[in-house]
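Each chain, letter by letter, is given below.
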Amino acid sequence: MSLMRTMILATAALGLVPAGALAQAKLKVGLMLPYTGTYAALGNAIENGFRLYVAEQGGKLGGREIEFIKVDDESDPSKATDNVNKLVKRDNVDVIVGSVHSGVAMAMAKVAKDSGTLLIVPNAGADTVTGAMCAPNIFRSSFSNWQPGYAMGEVLAKKGVKTAVTITWKYAAGDEMVRGFKEAFEKGGGKVTKELNLPFPNVEFQALLTEIAAAKPDAVFSFFAGGGAVKFVKDYAAAGLKKSIPLYGTGFLTDGTLEAQGEAAEGVQTTLHYADGLNTPRDNAFRLAYAKSYKLQPDVYAVQGYDAAQILGSGLAAVKGDVAKKAEFIAAARKARIDSPRGAFSLSAAHNPVQDIYLRQVSAKENKVIGVASKALTDPARGCKM
Ligand code: BEZ
């Protein structure tokens, strides 16, 4: 409970403030996101989406106005524990929302688990956050790394692709998306012949592209995002590989990046829980509202921020804004049906979205939906005991 709220409760108990004053205390939301570095655009889109949902509710969730306290986590896991502790211990936030990078999110999950603070993860896919580290007070509005990777493995195996080389940054997100891909691809009869990596956030791809050319696989599967994805897709095309070895990936490879990637991204197929051209009334309304507010087109990160606010709102509505009623908050958020622009979804027992994974293809600078790769895909939540 925040210090301010404790003081109001104490004075209310003494009969010194009118009961209505309690409802007016602002809910403190700690936004721990990257605002600099290769994932900066992702952090900004998440914040925009979150704020849009709050604005649509008249600026309040569960009757409480929101006060935002922001931390730039720089996508740096080595600073993550200090950063999240500032929000929890110094700023006494009621809920933490973050982050983008899986390594940062794992440090946040540890602090949330130890302190009992509510955490809503609006991007980072670290499998362990809703796996071995799962906890009643930890929710995710995005995906597990396994989900879009697994879906692409199924797609390529069904296409009859026999061999694939994988390429990604060497940290939890890349490792786990590749693992999910390999699990489904090899189950379906394919073979991953080489796994290539480079440290996050390096973008010196040339030597690895030369290795791909020499290996001559049927396909390449990749995970990069943000600024790194822009450079990778352009370098892949510039190396002349695009025509000979088709490039695939999880949708982060081309989401929010198409203006900068231009022609190099045309035709690339990816799997993700959001796409352009869904053309549902819900998504159309969201896209219009987002474009009006920010003079920008939304991407998957904006959707995940918007849905993080929806999860928070569903819990707060059940407790009329009183986050101290944690068990009731958790029960309501857990069973909420989230009316997402991606399509409505529910949360699994481990608090990860159970959702359709779309197959998309880049066409005229859009990630056009061309099918559903995997219907209502549930993360296996390996190691979660709750
Ligand atoms: C991650 O680190 O989990 C991640 C970062 C960017 C896009 C997708 C996943």
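Given the structure is predicted, the values throughout are model-derived calculations rather than measurements.

K.L.:
Pulling in residues and values, what's your account of the state of the cysteines?
P.N.:
Two cysteines joined by a covalent bond between their sulfur atoms form a disulfide. For the structure shown, the criterion picks out 1 disulfide. Two residues share a disulfide in this structure: Cys134 and Cys384, whose sulfurs sit 2.2 Å from each other. Measuring handedness by torsion sign, the sulfur bridge of Cys134 and Cys384 sits at about 85° and is right-handed. Of this pair, Cys134 sits in the loop between β5 (118–121) and β6 (138–140) while Cys384 sits in the segment after β14 (366–377), and the two are 250 residues apart along the sequence. On the basis of relative accessible area, Cys134 is assigned to the buried category, the value being 3%.

K.L.:
Any details on the environment of Asp82? Residues and values, ideally.
P.N.:
Tracing the chain through its elements places Asp82 in helix α4 (residues 77–90). Residue Asp82 is classed as exposed on the basis of its relative accessible area, which comes to 55%. It is 9.9 Å that separates the C-alpha atoms of Asp82 and Val111, two residues lying 29 residues apart in sequence.

K.L.:
Tell me what's going on with the packing of aromatic side chains, and back it up with residues and numbers.
P.N.:
Aromatic rings in a pair are described by how distant their centres are and how their planes are angled relative to each other. Following the criterion strictly, the structure yields 21 aromatic pairs and no others. With centroids separated by 4.8 Å and ring planes inclined at 40°, the aromatic side chains of Phe143 and Phe252 adopt a geometry described as tilted. Taken together, the residues Phe143 in the loop between β6 and α6 (146–159) and Phe252 in the loop between β10 (247–250) and α10 (258–261) connect sequence positions 109 residues apart. Like Phe143, the residue Phe252 is buried in the burial classification. On the basis of an interplanar angle of 35° and a centroid distance of 4.7 Å, the ring pair of Phe224 and Phe232 is categorised as tilted. Connected via pairs of aromatic rings, a cluster forms that spans Tyr39, Phe143, Trp169, Tyr171, Phe200, Phe205, Phe223, Phe224, Phe232, Tyr236, Phe252 and Tyr301. Lying across the ring of Phe68, Arg51 places its NZ or CZ 4.2 Å from the centre. Seen from the ring of Tyr35, Lys70 lies directly overhead, with NZ or CZ sitting 4.6 Å from the centre.

K.L.:
Give me the lowdown on the site of the ligand, citing residues and values where you can.
P.N.:
Around the ligand there are 16 residues in total, and Val100, His101, Ser102, Gly125 and Tyr171 lie nearest to it. Note that an oxygen atom of the ligand is positioned 3.0 Å from one of the backbone N or O atoms of Gly125. The protein chains hide 100% of the 260 Å² of surface that the ligand would expose on its own. Looking at the shell around the ligand, its residues break down into 11 nonpolar, 5 polar and no charged. Counting residues domain by domain, the shell around the ligand receives three or more from each of domain 1 (3–143 + 279–351) and domain 2 (146–272 + 359–377).

K.L.:
How would you summarise the nonpolar core if you had to cite specific residues and measurements?
P.N.:
Residues Ile212, Leu312 and Phe329 are the most contacted members of the largest nonpolar core, which totals 79 residues. It is helix α12 (residues 300–318) that contributes the most residues to this core, 10 residues altogether. Split by domain, the residues of this core number at least three in each of domain 1 (3–143 + 279–351) and domain 2 (146–272 + 359–377). The contact partners of Phe329, leaving out residues within four places of it in the chain, are Leu118, Phe139, Leu312, Gly315, Leu316, Val319 and Val323. Listed in part, the 24 residues of the second largest apolar core include Val71, Leu119, Val121 and Ile138.

K.L.:
Just give me the short version of the environment of Asn83, but keep the residues and values in it.
P.N.:
Secondary-structure assignment places Asn83 in helix α4. A C-alpha to C-alpha distance of 45 Å links Asn83 and Ser244, two positions 161 residues apart in sequence. Setting aside chain neighbours within four positions, we find Asn83 in contact with Met32, Val71, Asp72 and Asp73.

Rules used in this analysis
Residues numbered from 1 in each chain as written. Predicted model: local features only at pLDDT ≥ 70, side-chain atom pairs only at ≥ 80, totals over all residues. Heavy atoms only, no water. Disulfide = S-S within 2.5 Å. Helix = DSSP H or I, 4+ residues; strand = E, 2+ residues; numbered from the N terminus. Buried < 20%, exposed > 50% of the residue type's maximum accessible area, 1.4 Å probe, protein only. Phe/Tyr/Trp six-rings, centres within 6.5 Å; stacked < 30°, edge-to-face > 60°. Lys NZ or Arg CZ within 6 Å of the ring centre and 35° of its normal. Near = heavy atom within 4 Å. Polar contact = N/O pair within 3.5 Å; in protein donor to acceptor, adjacent residues only side chain to side chain. Areas by Shrake-Rupley, 256 points an atom, 1.4 Å probe, with all protein chains shown as cover. Nonpolar A, V, L, I, M, F, W, Y, C, P; charged D, E, K, R; others polar. Domains from an automatic or database assignment. Core = buried A, V, L, I, M, F, W, Y, C linked by side-chain atoms within 4.5 Å. Contact = heavy atoms within 4.5 Å.

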